[in-house]
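Next come the chains, spelled out residue by residue.
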Amino acid sequence: MAEAQEDLEYDLRPYAATVPELRRAVLAAAGKDFTKAARMVQGVDELPAASRDYLEARYLLLAGKTRKARKKLEKIAGGDSALAPVAALQLGEMALASKQKQDALEYFEAASAHQVWCSSAHQGMVDS
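Residues numbered from 1 in each chain as written. Predicted model: local features only at pLDDT ≥ 70, side-chain atom pairs only at ≥ 80, totals over all residues. Heavy atoms only, no water.

Overview of the environment of Val44
- Structurally, Val44 can be placed in the loop between helix H3 (34-41) and helix H4 (49-62).
- The exposure class of Val44 is buried, given its relative accessible area of 0%.
- Sequence spacing of Val44 and Leu22 is 22 residues, and the spatial spacing of their C-alpha atoms is 6.2 Å. (Helix = DSSP H or I, 4+ residues; strand = E, 2+ residues; numbered from the N terminus. Buried < 20%, exposed > 50% of the residue type's maximum accessible area, 1.4 Å probe, protein only.)

Some details on the pattern of salt bridges
- A complete count under the given rule lists three salt bridges for this structure.
- The salt bridge involving Asp53 is made with Lys75; its shortest N-O contact spans 3.1 Å. Note that Asp53 is positioned in helix H4 and Lys75 in helix H5 (residues 66-77), a separation of 22 residues in sequence.
- A relative accessible area of 6% places Asp53 in the buried class.
- When the shortest N-O distance is used, the salt bridge between Lys72 and Glu56 registers 3.1 Å. Of this pair, Lys72 sits in helix H5 while Glu56 sits in helix H4; the two residues are 16 residues apart in sequence, bridging distant segments of the chain.
- According to the relative accessible area criterion, Lys72 is partly exposed, its value standing at 21%.
- By sharing partners, the salt bridges in this structure join Asp53, Glu56, Lys72 and Lys75 into a single network. (Salt bridge = Lys/Arg side-chain N within 4 Å of Asp/Glu carboxyl O.)

Notes on the nonpolar core
- In this structure, Leu22, Val41, Tyr54, Tyr59, Leu73 and Leu83 are the most contacted members of the largest nonpolar core, which totals 26 residues.
- Listing elements by their share of this core, those giving two or more residues are helix H2 (20-30), H3, H4, H5 and helix H6 (84-97).
- Looking at which element gives the most residues to this core, the answer is H4, with six residues.
- Dropping the residues within four chain positions of it, Val41 is found in contact with Leu22, Ala25, Arg52, Leu55, Glu56 and Tyr59.
- Of all hydrophobic cores here, the second largest spans six residues; its members include Ala88, Leu89, Ala95 and Ala111. (Core = buried A, V, L, I, M, F, W, Y, C linked by side-chain atoms within 4.5 Å. Contact = heavy atoms within 4.5 Å.)

Some words on H4
- Compared with the 20 Å implied by 1.5 Å per residue over 14 residues, the 20 Å span of H4 between its first and last C-alpha is a close match.
- Counted residue by residue, H4 has 10 buried out of 14 residues, so it is predominantly covered.
- Among all positions in H4, only Ala50, Arg52, Asp53, Tyr54, Leu55, Glu56, Ala57, Arg58, Tyr59 and Leu60 are buried.
- Trailing H4 by a residue or two, Gly64 shows a phi angle of about 85 degrees, which is positive. (Expected span 1.5 Å × (residues − 1).)

A look at the confidence of the model for the protein
- Per-residue pLDDT for the protein has a mean of 79; in total, 75% of the residues score no lower than 70.
- Per-element confidence in the protein ranges from a low mean pLDDT of 47 for helix H1 (residues 2-12) to a high of 94 for H5.
- The low-confidence segment residues 1-6 (pLDDT under 50) makes two contacts with residues lying over four places distant or belonging to another chain.
- Segment residues 8-12: pLDDT under 50, and 13 contacts once partners within four positions in sequence are set aside and those in other chains are kept. (pLDDT = per-residue confidence, 0-100.)

This is the structure we're talking about:
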């Protein structure tokens, strides 16, 4: 529960103070209406597309819509945005939780190609 609260607080930065649509989405998520929050995030044109997709995926995960979230994360991981390694790392953790070790290793390897995420990805490889 504390992790979800930290996620919501993280989602507020840096846009929620200046973008009313994002603030409403975060408030919907705070009220546990994660599906509505995911829909609302897509309407926030001030956010870069990858950021919108990533926030939507996080809210979809919180709503229990794993398949939709996975599709969003795969789209991000396959792109060239700064969130690509983060999405790959998240996908690796999801694959590992589903006992899909080979998929997990591939995602962790993709994440480890980015220097910032290298240690987290290597830890995931060790855990698998």
